[in-house]
Every structure is written in structure tokens, then in C-alpha cells.
Amino acid sequence: MEPGLRSSIHLDGGAAPGQLRFLTCGSVDDGKSTLIGRLLFDTRGVLDDQLATLRRDSRRYGSTGGEVDLSLLVDGLEAEREQGITIDVAYRFFATSRRRFVVADTPGHEQYTRNMATGASNADLAVMLVDARKGVLTQTRRHAFIAALMGIRHIVLAVNKIDLTGFSEERFESIAAEFRASAAVLGFRTMQVIPLSARHGDNVVASSANTPWYAGPSLLSYLESVMVEPEALSRPFRMPVQWVNRSGLDFRGYSGTVASGHARPGQRIVVQPSGTEAEILRIVTMDGSLPSAGAGDAVTLVLDREIDASRGDVLAAADAPAAMADALSARLIWLHDTPLAAGREYLVKLGTRSVPGAVSRIRHRIDVSTREAVPTDTLRLNDLGHVELRLQAPVVFEPYAESRDLGGFILIDRLTNATVGVGMVDAALHRATDITWQALDVDRAARGRLDGQRPAVLWFTGLSGAGKSTVANLVERRLHALGRHTYVLDGDNLRHGLNRDLGFSEADRAENVRRASEVAALFADAGLIVIASLISPYRSERARARDRVPDGEFIEVFVDAPVDECRRRDPKGLYKKADAGLLRGFTGVDAPYEIPDAPELHLRTAEAPPEDLAEHVVAELRRRGVFA
Amino acid sequence: MNALSPRTDALAAPRLAAAPHLRQLEAESIHIIREVVAECRNPVLLYSVGKDSSVLLHLIRRAFHPGRPPFPLLHIDTGWKFREMIAFRDETARRYGLDLIVHTNEDARAQGVNPFDHGAFYTHAMKTEALKAALRRHGFDAAFGGARRDEEKSRAKERIFSFRTAAQQWDPKEQRPEFWRLYNGRVAPGEGVRVFPLSNWTELDIWHYVLAEDIPIVPLYRAALRPVVERDGNLIMVDDERMRMRPGEAPQHRMVRFRSLGCYPLTAAVESTAQSLPEIVGEMAASRTSERATRLIDKDEADSMERKKREGYF
């Protein structure tokens, strides 16, 4: 052991070391606590008197016979020592001459998933342990999944107890391959696999002579050198206002921690959600004003004018404000014994803002072992779900993948004040009309300009056999000939791919239409003229499709033919099947078709040839200025 | 310079440029401090006069500059603190214009409870019970403390916002999970939170920061010739005439300093020649014992701190 390794970080000279925050996780008895104990011990983070206590505790509680049990260094609570388990997140600190480390030791027991998520929320990297004799277990996959979910982008697989396999290279390689394969879809930026023995120290601090076949770094050298880039610095400026500093008669400053980007005097900012703009005048500190402050800095900003901003507001770069919404889709981990009650009001805390809100819908639970969606109407302790949230007021947010500070939230029980859920925002559910949207540099109009057209959604609705597909096809051919960019979304064709999992139950038909609406909105956003052709029998689902695109871009085309005529045509033989009882809930036979109240276009296919009707549609697009 | 009108001329030199980890720790602590003031009704700083309290107070002043800290300091005075601590405490409150509340368990003092005869009961009465009574009397719903996770094993598992029941007890199995920079300080009447902004600092970080920021500390941290007796392997300073001498004991002057400060009969000095802050930092970096080794009350069983915390100790 190098004497004075602990003497560590010097304030003068040498490269300035940052800190690395990592968590250790893995299955029960994989040796997490022992590994941390070993790191502390070998970097001289364990002091003489602590060692004396450890020797005494090892005799009393230890599981290593007469030897010092390093795991007792981190198992801090009485119940843990008595039961030989880890029941809560423990934070440990050690330093080498190159870096300072904060370790969150999180338990492997299934019921403590919430603690793993807690430890992961502030970590840059995860060290996952597996027992070399057991290999990758369900729990390993589960923890890798949670680490990825919480936004960890760097992972180390520590193949522990390699000594107990006789330092087998073959065993190591097979575990490494299995882990790489199972974690490949999780989006980790770096993955390092290291064979080690926490108990004996092989490859923990120094490379081991027992694994000559392993050419990589020891765990500590890897942790000392791995780069975890502070991405938040390169994003636009955002700072949730924590507290308004009113000191004396005329001082007013906005205090907070910069969530992303930089603040500089002279910079224009916008207060969200109000939309008021101002300029940063000074960044005030006890030592004078700063020339700039970056993500992670706790600052007080003085603005150039009196504005109305308070705790919960977000100061953002004026040219790149954040998104706002009062309905969000999110991943949610349930943390409490009392299950989630959908529809019940909780307090949602996001950034510095707390607003009442409810989980309006649980889309499904995600089985963290298989990563499959499972239908459910509640979430229980340690469950992960995909949910929709409705808030009583809009919040300023960013997707969690872009910002932990503005994309992570907790749910607080209003009666008990307990923290009952933790969530990661995926997206806004819809565009509320009274709030602004994130202004992307290339927007739908810009894309359309490139194409010499404005986006539009032609939504063909009508009975089966009314002629939707026929006319739609002709319209697309005509537009294509005119050099316009188009795409046809056909209800039947969608069922071969995107909607392959859907049947013909009422719920599945509604989902079929919903997905088609979303795809139509996306394609329109990409600048295309979308021609959607679906029976879509209900007014409400057509209204929802209309809601998904800006006003004026949705053109409802009612393709109308008498039901007898449709039956006569029956191009797909569906009426016959329905009549024979082979198809239930078929529109026009035993399910209703709600006629559009005010369609933009009404095409009567029994009264005119389809070519004329198609030309009529193209003329309407021209009249609306979709293209010149 | 008028504290209420920050200077607008020269921009500050980059602070802590050579120690980004201290900058990160400082920012994290300031964020926590501001969360408490924004969310809690009636906070207080539990000021214990030691180096951690000095750092915490410095961070609090930074958090609210150019204003003053918008809450008072509370010192639980057992009546057995070093005299230099009391002088430093009063000087600090005066220098920064802070409200200082001093609370002592007067009943226990009148009954003659003392560290020589009453051991664990002394700590319970003069510290734990006194603290609970003071928080109750003033209705404080949030109390800042300078505890760090590297100090002790049960501290390592405590949250930054540590919820206390109406009986002011800590339940390690019912802690509120903490994510990112989101803290839940909501409490019902009578309940409270103890908040530890220095959770992620180590003892060495504290000293590096004291040095970098030139933070005033009690002179007892610096080596000087002081009257001590050697007892059970510990050097105990004879701070006043109440010190009970055992047969054959006589104070002798030794070059000593303190790593940790508390009640003088329960706090051991270490032999040292480190007088300046750089010397102290150098000595700490090479030290092979933890600061808790100098606290006589913490040497009981492994779970004694956990037990005290469950009862309401800080």
C-alpha cells in the first residue's frame, strides 16, 4: 500500500481533480459492501481507530471467521449488522491523488429498489457486481435497467469472487459477453468489465498477477480516469428560482442553482411561465460580481429591471426557452407501501415548483426484469410504470433525458407528507393553447418551406367500401405529379406493422385511430402532406386527431356513400363476414358510424367519378395555400 | 463597504479554481440551505461553535448575501463547554450581527448533573433533552446541523433532510427517499426536519475549505501550550476549577490542539505543533485516526450514535 495515498487532493498545483459520484449495486451477497470496504481500506480511507472498532465488530457480527469483515465498515445500522444485510443507501467518501469519490452503496434486495433509484439519481456511474460463480442474474439486469432509467450513462461490471472460479478467463469472458448483450439496448456510453476479488483485493486497486489474461485497468485506476462529461453546461441556460433575495431597500436578486448552460451579465433571459424578458445585470457573490456562472453553481442574479418572478419560476435563455405543460407523460417509480391511487391528488415537486396534480392514467407497468409492459390499474411499492400526469397549473420542464433538474420530480402525499413516488418526464401530453412550446430551430414551417409546401393532414373518414382508399390513392398520385411531398396512412396497411398488435375490439380500434393520429401529426410536423384513410367512426377520436395538429392544417374529408352501396361494393368481403357473425362490432353492421358535423370536404362517391373527387381535393389544398 | 450595495466595479477573481470538488460541495450546500428557507416556516441554525459550524455559518452567509441570514443561531450550552468556545460564539454573533439563542437544561444543571458523575445520562439530559426542549419552545420546524456522513456509520445512512416525528425521533427505516436536488421538507405541526448541508463533506474537505476561505475558527484548533492531564490514554484539558482531578493527577503544560470540540471534560486533545491553517491541513491529511476518536462519548458500542439519534440527538 502506498503510504499517504489518503493525503489526497491538494489545493495547489497539479491538475484540478473533480469528483466522481458512483453507486454500487448488484444482487444479494455479491459483495458490494465488501468492495467498498476494500476501496476505503486500500486507499487508506479507513483510520486506525475505525479499524480497531471494525476488528471488534468483526468478532461480534462478522461472517468471515476470524478475519476482518470489510462489509461491516458500511453496514451502519443495528438491524443491518444483526441480520447481515444492507437496508439503506450508505454514502462513503474517499480520495486518491487524482480524484475525490462519493460512493452510494445500494442494497440488492428486491424490496429496496427505491433505494437503488435514490443512489442512482445523483450518480454519474454505476459499478454493478456479479458473483463470478453465479453470473448475470435477473437482479443484475434489473439494476442495469434502473441505472439506465435514472440517466446513468457509464457502467462497470465488476465480476467479483473471481478467485472462487480459480481465476477462470473462460468464465469471465462468458459473463462479460452475456452482460454486454443484455445491456446493449440500454444506451450506456461506456461499459467496462473487470474481474476482481473484493475480499482479497485482486484488480481493485492494483492489477492482479492472478489474472494475467486480463489486460484492462484495475477498478480504481478505471474510476480515476473515466471521463463523465458535464453535458448540462452545453445546453441552453436555465435556472429554477429558489428564493427571492430582498435585502435592504432596493436589492432584489434571484437565487438558485443553475440547471444548465451559463449565466453572464448582459444576457437576455425570459421568466417562465410568465414570459417576461429581462437582462442579467450582475451575478452577486460575497466576493464581488462574477463574470459568469455555469451549471451546478449556486448563484444570485440581479436583473436590469423590476419583474415579477418568484420561487417556482424558471429563468431561461430568452432565445431558447424551456417547454411548459400541464399534462405530462412520465416514468414513475412507486416508493411507498400504500399503492398509487390514479386520480388522487398529490403534490408534484419539479425543480423548485410544487403543484397539485394527479396520475390521470396508468398506461402500464414495466416489468423491470423482462422490460415488458404489463397492464395494471395501480402501482405498488417498487413498481415502475408509464403514466400520464395532469397538473393544476403548467410547469416548466424538460425531458429527463436532457435535464435531471427539470425532468425529475417527486410525488408527495398531501396528508402524510411522505415522498411516495419519483418520476422522470418523457414529454408533454398535448399542446395547451395558453402556453408556449419549445421553439426548435428547425420547425414545421421551416421544413415545409424547404419543400415549397405547408404541412396538412387530409383525414379521410367513412364507411368501409365508401371509397376512401381509392380517392386517397388518386389524390396522392396527383400531388406526387405536382412535386409535392406526401404520405398515405392507410388504416388497413398500418395493421401490418405499427398496429400489428391490435385486434378489432373497441379498445383496440380506438388505439388504432389514436396511433394513426399521432403518426399523422408527426409526419405533418416533418413537413409532409399526410393523407390518412381510416373508418374512424367516432367524432371524439376524429376531434382528437384534429387536436394533434395546429389550427387550419387538419382537413376532414367525409367520404360518403349509402351503406347499401358500400355493401354492394364490399371490396374486402368484410360485410359478408360481419353478416355471417364472423366479425363483431363492424361499422355499419352492428356498430355505429357518427357522421361528421362539419367536414371541410364532403365527397359523395356514388354521385361522381373518383378522379373528379380527387381533383376537387387537390383544388381545396391549393385554395388553402398548402402549395402554390 | 456597505453590505447592502454589492460593488459593481471589479469582477471577483475565480474562487476555488484549483479545487473544483470544494466548489461543487459549496454549491450543493448553498442549494440545500436556500431550500430550507424557501420551504420551512421557522428554521434555526444549531450552532455548536466548532469548525463544522463555522463552515456552515460561512455557507449560510454566502447563501443570503448581501442580506443577513434570515434565521437565528441556537446554541445548546451544557455549561461545560470550553471558555474559548463561549467567547468565540459571542464574538461571532456580534461580528455578523446574528440573533443568538442560548439554551441550557436548567433543571438538570440545578440538580447538579455533570459529566464526571453521570456519564450517558449527562449527554442525554444536557444535549438531547435540552435540544428537544429548545426546538419545542421556539417552535422551530427545521434545524440546520453541521453533521457529516463521513463521521460515523449511522450518519452515513441519514438523509440530508432528516424527518423527525412530533416526539423528535428518527426512524432509520422510515426515511424519505431523496432524489437529485429535490428535498421534501414538508411537516405537520409539531414535526420537524433536521437538515445537514455538510452531509457530503469530509473532515479534510472542511479543513481545505477553512484554509481556502480563511474562515475564523476557535483558537483551540491551533496548537498551543495548554494545561492537560493524561487520563485513560486521553489528554484532557483543565479548562476551569471544576475539573475533578484523580489522585496523583496534576495539570502539565503540553503543546496540544483539538480536532473536535465539545464539553471540555469529554473532549481529548492531540499533541501537535500545528498552529497555522496550512500546518493543520497537512497534519489532518497525514492523520491515521478519525476525529471521533477524540470524543469520549462516542466510543461506546457500535450503535450508540444510532441509538442517540433515535432518541432525538442531533
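**Details of the overall build of chain B**
Per the secondary structure count, chain B includes 8 helices and 10 strands. Counting every position in chain B, which comprises 314 residues, the buried fraction comes to 63%. Long-range pairs, those at least 24 residues apart, make up 74% of the contacts in chain B with a sequence separation of at least 6. A total of about 11,600 Å² of accessible surface is found on chain B, and carbon and sulfur atoms cover 50% of it.

**Examining the overall build of chain A**
Summing up its helical and strand segments, chain A has 16 helices and 28 strands in all. Approximately 25,800 Å² of chain A is accessible, and the part contributed by carbon and sulfur atoms is 50%.

**Quick word on the packing of aromatic side chains**
Residues and elements named next belong to chain B. Across all of its chains, the model carries 21 aromatic pairs over all chains by this definition. A centroid spacing of 4.8 Å and a plane angle of 65 degrees characterise the contact between phenylalanine 82 and phenylalanine 258, whose relative ring orientation is edge-to-face. Residue phenylalanine 82 is found in the loop between strand 2 (73–76) and helix 3 (83–96), and its partner phenylalanine 258 is found in the loop between strand 9 (252–257) and strand 10 (268–271); the two are separated by 176 residues along the sequence. Given a relative accessible area of 0%, phenylalanine 258 falls into the buried group. By the ring-pair criterion, three or more aromatic residues cluster together here, those being Trp80, Phe82, Phe116, Phe258 and Tyr264. Note that arginine 242 overlies the ring of tryptophan 80, its terminal NZ or CZ placed 3.8 Å from the centroid.

**A word on the interface of chain A and chain B**
Chain A puts 91 residues into the contact, and the matching count from chain B is 79 residues. Counting the surface lost from both chain A and chain B, the interface buries some 7,200 Å², and carbon and sulfur atoms represent 52% of this. Across the chain A-chain B interface, the total number found is 8 salt bridges. Counting across the chain A and chain B interface gives 28 residue pairs in polar contact (both at pLDDT 80 or more). When residues of the side of chain A that touches chain B are assigned to their parent elements, the largest contribution, 7 residues, is made by helix 2 (residues 48–61) of chain A. In terms of residue class, the side of chain A that touches chain B is made up of 37 nonpolar, 32 polar and 22 charged.

**Quick notes on the sheet that holds strand 6 (residues 192–195) of chain B**
Residues and elements named next belong to chain B. One open sheet holds the 6 strands; their spatial order is 3-2-1-4-6-5, and the pairing between them is mixed. Edge positions in the sheet fall to strand 3 (100–103) and strand 5 (161–164), since each of these pairs with one other strand and no more. Adjacent strand axes in the sheet meet at a mean angle of 30 degrees, parallel and antiparallel pairs treated alike. In this sheet, strand 6 lies alongside strand 4 (residues 142–144) in parallel orientation, the contact comprising 3 bridges. Looking across to strand 6, one finds that alanine 143 is bridged to arginine 194. Sitting on the sheet, helix 2 (residues 51–64) is in contact with strand 1 (43–46), strand 2 and strand 4, with an inclination near 145 degrees to strand 1.

**Structural notes on the sheet that holds strand 4 (residues 125–131) of chain A**
Residues and elements named next belong to chain A. Taken together, the 6 strands give an open sheet; going across it, the order is 2-3-1-4-5-6, and neighbouring strands pair in mixed fashion. On the outer flanks of this sheet lie strand 2 (90–95) and strand 6 (190–195), each paired with one strand and no other. Within the sheet, the average angular offset between the axes of one strand and its neighbour, ignoring direction, is 25 degrees. Looking at chain direction, strand 2 and strand 3 (residues 100–105) are connected through 6 bridges and run antiparallel. Looking across to strand 3, one finds that phenylalanine 93 is bridged to valine 102. In this fold helix 5 (residues 138–149) packs onto strand 1 (19–26), strand 4 and strand 5 (154–160), with an angle of close to 175 degrees to the strand it touches most, strand 4.

**Overview of the packing of helix 2 of chain B against helix 6 (residues 203–213) of chain B**
All names here are of chain B. Contact geometry of helix 2 with helix 6 gives a least axis separation of 10 Å together with a crossing angle of 55 degrees. Looking at the two axes, helix 2 sits oblique to helix 6. The chirality of how helix 2 crosses helix 6 is left-handed. Contact residues: helix 2 offers Lys51, Asp52, Val55, His58, Leu59 and Arg62, while helix 6 offers Glu203, Ile206, Trp207, Tyr209, Val210 and Glu213. Residue classes in the contact of helix 2 with helix 6 are distributed as 6 nonpolar, 1 polar and 5 charged.

**Quick look at the confidence of the model for chain B**
With 91% of its residues at a pLDDT of at least 70, chain B reaches an overall mean of 88. Note that residues 1–10 of chain B has pLDDT below 50 and, in this model, 16 contacts with residues that lie over four places away or in other chains.

**Examining the pairing of strand 3 of chain B**
Residues and elements named next belong to chain B. In strand 3, alternate side chains face the same way, and those of Ile101 and His103 are buried while those of Leu100 and Val102 on the opposite face are not. The pairing of strand 2 with strand 3 spans 4 bridges and is parallel. In the strand pairing of strand 3, isoleucine 76 is matched with histidine 103. The handedness of the strand 2 to strand 3 crossover, carried by helix 3, is right-handed.

**Some remarks on a positive patch on the surface**
Residue and element names in this part refer to chain A. A cluster of basic residues, Arg55, Arg56, Arg59 and Arg60, forms a positive patch at the surface. Locating arginine 55 in the fold gives a position in helix 2. Here arginine 55 falls in the partly exposed class, since its relative accessible area comes to 44%.

**What to know about the pattern of salt bridges**
Residues and elements named next belong to chain A. If you walk through the whole model with that rule in mind, you get 60 salt bridges over all chains. Among the salt bridges present, the one from aspartate 131 reaches arginine 133, with a minimum N-O distance of 2.9 Å. A salt bridge links glutamate 511 to arginine 514; the nearest nitrogen and oxygen atoms lie 2.9 Å apart. Placement of the pair is glutamate 511 and arginine 514 together in helix 12 (residues 506–525), with a separation of 3 residues, close to one helical turn.

**Section: helix 13 (residues 539–547) of chain A**
All names here are of chain A. Among the residues making up helix 13, those that are buried are Glu541, Arg542 and Ala545. Mapping the buried residues of helix 13 onto a view down its axis gives an arc of 100 degrees, with all of them on the same face. Among the structural elements, strand 24 (456–461), helix 12 and strand 27 (554–560) are those in contact with the buried residues of helix 13.

**Topic: the packing of helix 1 (residues 20–39) of chain B against helix 2 of chain B**
All names here are of chain B. For the pair helix 1 and helix 2, the least separation of the axes is 9 Å and the interaxial angle reads 70 degrees. The orientation of helix 1 with respect to helix 2, classified from their angle, is roughly perpendicular. Read as a crossing pair, helix 1 and helix 2 show a hand that is right-handed. Where helix 1 abuts helix 2, its residues Glu26, Ser29, Ile30, Ile33, Arg34 and Val37 lie against Leu56, Leu59, Ile60, Arg62, Ala63 and Phe64. Residue composition of the contact of helix 1 with helix 2, by class: 8 nonpolar, 1 polar and 3 charged.

**Some thoughts on the nonpolar core**
Phe22(A), Leu23(A), Val127(A), Met150(A), Val159(A) and Leu219(A) are the most contacted members of the largest nonpolar core, which totals 81 residues. Sequence-distant contacts of Val127(A), that is, excluding residues within four places in its chain, are made with Phe22(A), Leu23(A), Thr24(A), Cys25(A), Leu35(A), Val156(A), Ala158(A), Leu219(A) and Leu223(A).

**A short note on the pairing of strand 10 of chain B**
Residue and element names in this part refer to chain B. Relative to strand 10, strand 8 (residues 234–237) runs antiparallel, the two sharing 2 bridges. The residue bridging isoleucine 236 from the neighbouring strand is alanine 268, located in strand 10. Two strands pair when backbone bridges link them, and strand 9 and strand 10 are joined in this way by 2 bridges, in the antiparallel orientation. Pairing of arginine 257 across the sheet is with valine 270, part of strand 10.

Conventions and cut-offs
Residues numbered from 1 in each chain as written. Chains lettered and ligands numbered in written order. Predicted model: local features only at pLDDT ≥ 70, side-chain atom pairs only at ≥ 80, totals over all residues. Heavy atoms only, no water. Helix = DSSP H or I, 4+ residues; strand = E, 2+ residues; numbered from the N terminus. Buried < 20%, exposed > 50% of the residue type's maximum accessible area, 1.4 Å probe, protein only. Contact = heavy atoms within 4.5 Å. Areas by Shrake-Rupley, 256 points an atom, 1.4 Å probe, with all protein chains shown as cover. Phe/Tyr/Trp six-rings, centres within 6.5 Å; stacked < 30°, edge-to-face > 60°. Lys NZ or Arg CZ within 6 Å of the ring centre and 35° of its normal. Buried area = accessible area lost by both parts, 1.4 Å probe. Salt bridge = Lys/Arg side-chain N within 4 Å of Asp/Glu carboxyl O. Polar contact = N/O pair within 3.5 Å; in protein donor to acceptor, adjacent residues only side chain to side chain. Nonpolar A, V, L, I, M, F, W, Y, C, P; charged D, E, K, R; others polar. Pairing = 2+ DSSP bridges. Axes fitted to C-alpha atoms, helices over the stretch in contact; angles between N-to-C directions. Parallel < 35°, antiparallel > 145°, perpendicular 65-115°, else oblique. Left-handed = near helix turned anticlockwise from the far one by under 90°. pLDDT = per-residue confidence, 0-100. Right-handed = clockwise from strand over helix to strand, strands pointing away. Patch = residues over 30% accessible without salt bridge, like charges linked within 9 Å, V, L, I, M, F, W, Y side chains within 5 Å. Lys, Arg positive; Asp, Glu negative; His and termini not counted. Charge placed at Lys NZ, Arg CZ, Asp CG, Glu CD. Arc of directions from axis to C-beta. Core = buried A, V, L, I, M, F, W, Y, C linked by side-chain atoms within 4.5 Å.

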